Amino acid sequence: MVHSNHFKRRTPPTPPPPPPPHSLNHFASVNHSQIPHQGNTKAMANLLSSLFLLFVAAAAVHHRQALSITSPSDVAALKAFKSAVDPASIPRWSCLASWNFSAADPCSLPRRSYFTCGLSCSSSSSSSGGPAQITLITLDPAGYSGTLSPLVSGLSRLAVLDLSDNSFRGPIPSSLSSLSALTTLSLRANSFSGAVPALAGLKTLQSLDLSYNSLSGSLPSSLSSLPSLTRLDLSFNRLTGAIPKLPPNLLELALRGNSLSGPLSKDSFAGSAQLEVVELGHNSLAGALEPWLFLLPSVQQIDLANNSLARVDVPTPPTAGGGGGGGGGSLVAVDLGFNRIEGLVPGSFASYPQLSSLSLRHNRLRGDIPAEFGRKATLRRLFLDGNYLTGKPPEGLLSPGSAVAFGSLGDNCLRECPASSQLCAPSQKPHAVCKQAYGGGRPRS
């Protein structure tokens, strides 16, 4: 610091007259030792430091806001979804373990440490400034348990929800019906219970898989209100009652392993012109199978094994003598095994041009095996075992050039079915059993 005595050595002999009180030169005469220069420097430094910290904080907030690209409502729905999962069921290596909302935004890229899997997002709109939204949730089969939060319905653009092969429990929220963009809903192989929810609002839903759960009650009539549904699988639950009217554009119907009852109603299948696969095995369906079932325009596979059906009426398809097109023209496989079907083996099955697999095993069928089966070039699998069939097998079935490669004619009342033939295993019923089955008389040969 420059001291005042330094100026005295440079003062001229005759000092000038004192300046006016308000002159600018007044400051030149001030003793610099009286100015608190160090205090002002420290105050200025503190001020600058405070301003810098405020700037850094503002920049951090701005940066964090820039990274928050996901719709706030979607983030809230995702948080609710994860909070409904039991924390102890989330392995450290799993998708859900990487969902850290305090460390990253769900839709930020690249996903190296957080939100590494289990979800996908739509692109945020740079032109409109709109936020990104969740379009897909597909969890890994990590054994997650817990419930499905109803607040997941807040994901307004969600197209796929797949929680398959985990241990979720409780009811399926009816609020899912508000997910208007949903195309795929798969909750298979969990422990969901309660009724199948009414999902009439899902007009874009294409695939619904709720199989292998513990759902109970009857099937909702609202199923017919799903115009885009092509695949429906509710197999292996505890569903009861009759089959309601089906969605109009259904391709695959799978309701195996329930307790559905009553006869099949033609009204339920009215308008099912595109239905290709009918899987209704392992239920309690009874009564007769009527001709309309086999004449559905697009049907390829019919599985009604392990029910309580008593009769089957198989028509000759209008395509007989031609190939493809029309009712029955596409029928490839029929399984009616393990029912209570009585009467003769329907020879009209041989008239279906594409038929390659037929099972009527373990019913109460009698009479001869239709000779047409021995001439059926497309028939690769034929299971007629466990009935009371009599007579001699058609020559074409046992010849070396037979089209039938897999099957069984065993456990019947057939004559001349050689043990050397694989088709004749297991052995035929004892004569006494066959005699009793035919009212004490000899089985018809």
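In this report, the structure presented in the accompanying data block is examined. All values reported here derive from a predicted model rather than from experimental measurement. (Residues numbered from 1 in each chain as written. Predicted model: local features only at pLDDT ≥ 70, side-chain atom pairs only at ≥ 80, totals over all residues. Heavy atoms only, no water.)

What follows is about helix H3 (residues 72–83). Relative to the 16 Å expected for 12 residues at 1.5 Å per residue, H3 spans 16 Å between its end C-alpha atoms, a close match to the ideal helical length. Where H3 is concerned, the buried positions are Asp74, Val75, Ala77, Leu78, Ala80, Phe81 and Lys82. Turning to H3, the residues buried within the fold contact strand E1 (119–121) and strand E2 (134–138). (Helix = DSSP H or I, 4+ residues; strand = E, 2+ residues; numbered from the N terminus. Expected span 1.5 Å × (residues − 1). Buried < 20%, exposed > 50% of the residue type's maximum accessible area, 1.4 Å probe, protein only. Contact = heavy atoms within 4.5 Å.)

What follows concerns the sheet that holds strand E5 (residues 167–170). Here 8 strands make up an open sheet; going across it, the order is E3-E5-E7-E9-E11-E13-E15-E17 and the pairing parallel. Lying at the two open borders of the sheet, with one neighbouring strand each, are strand E3 (145–146) and strand E17 (308–312). For strand E13 (residues 259–262) and strand E15 (residues 284–289), the ladder comprises 2 bridges, and the chain directions are parallel. When the bridges of E15 are listed, Gly262 appears paired with Leu285. (Pairing = 2+ DSSP bridges.)

Mapping Leu398 onto the fold places it in helix H5 (residues 395–398). With relative accessibility at 29%, the residue Leu398 sits in the partly exposed group. Note: C-alpha distance between Leu398 and Leu423 (25 residues apart in sequence) is 7.6 Å. In this structure, Leu398 is in contact with Pro393, Glu416, Pro418, Ser421, Leu423 and Cys424, ignoring residues within four places of it in sequence.

Right, let's talk about the pattern of salt bridges for a bit. Under the criterion given, the structure shown has 12 salt bridges. The partner of Arg231 in a salt bridge is Asp209, and the shortest N-O contact between them spans 3.6 Å. Residue Arg231 is found in strand E10 (residues 231–233), and its partner Asp209 is found in strand E8 (residues 207–209); the two are separated by 22 residues along the sequence. Between Glu416 and Arg415 there is a salt bridge whose closest N-O contact spans 3.5 Å. What you see here is one network of salt bridges that share partners, running through Asp165, Arg188, Asp209, Arg231, Asp233 and Glu252. (Salt bridge = Lys/Arg side-chain N within 4 Å of Asp/Glu carboxyl O.)

What follows covers the state of the cysteines. Counted by the stated rule, this structure contains 4 disulfides. Between the sulfur atoms of Cys417 and its disulfide mate Cys424 the distance is 2.0 Å. Taking the sign of the torsion about the S-S bond as the criterion, the disulfide between Cys417 and Cys424, at about -90°, is left-handed. Residue class for Cys417 comes out buried when judged on its relative accessible area of 14%. On the accessibility criterion, Cys424 (5% relative accessible area) is buried. When the bonded cysteines of the chain are counted from the start of the sequence, the pairing works out to 1-3, 2-4, 5-8, 6-7. (Disulfide = S-S within 2.5 Å.)

Moving on to the nonpolar core. Ranked by size, the top nonpolar core spans 95 residues in total, and within it Ile137 and Phe294 carry the most contacts. What Phe294 contacts, discounting residues up to four positions off in sequence, is Leu289, Val299, Ile302, Val312, Asp313, Val314, Pro315, Gly328, Leu331, Val334, Phe349 and Tyr352. (Core = buried A, V, L, I, M, F, W, Y, C linked by side-chain atoms within 4.5 Å.)

Below, the discussion takes up the pairing of strand E7 (residues 191–194). Two elements, E5 and E7, share 2 bridges in a ladder whose sense is parallel. Of the residues in E7, the one forming a bridge with Gly170 is Phe192. As judged from the 2 bridges shared by E7 and strand E9 (residues 214–218), these two strands associate in the parallel manner. Counted as the bridge partner of Gly194 is Leu215 from E9.

Another point: the packing of aromatic side chains. This structure, assessed with the given rule, holds 8 aromatic pairs. A ring pair is formed by Phe168 and Phe192, whose centres lie 6.3 Å apart and whose planes are at 0°; its orientation type is stacked. Here Phe192 lies in strand E7 and Phe168 lies in strand E5, a separation of 24 residues in the sequence. Here the aromatic cluster, defined as three or more aromatic residues joined through ring pairs, consists of Phe81, Trp99, Phe101 and Phe115. Lys429 extends its terminal NZ or CZ atom over the ring of Tyr388, reaching a point 4.6 Å from the ring centre. (Phe/Tyr/Trp six-rings, centres within 6.5 Å; stacked < 30°, edge-to-face > 60°. Lys NZ or Arg CZ within 6 Å of the ring centre and 35° of its normal.)

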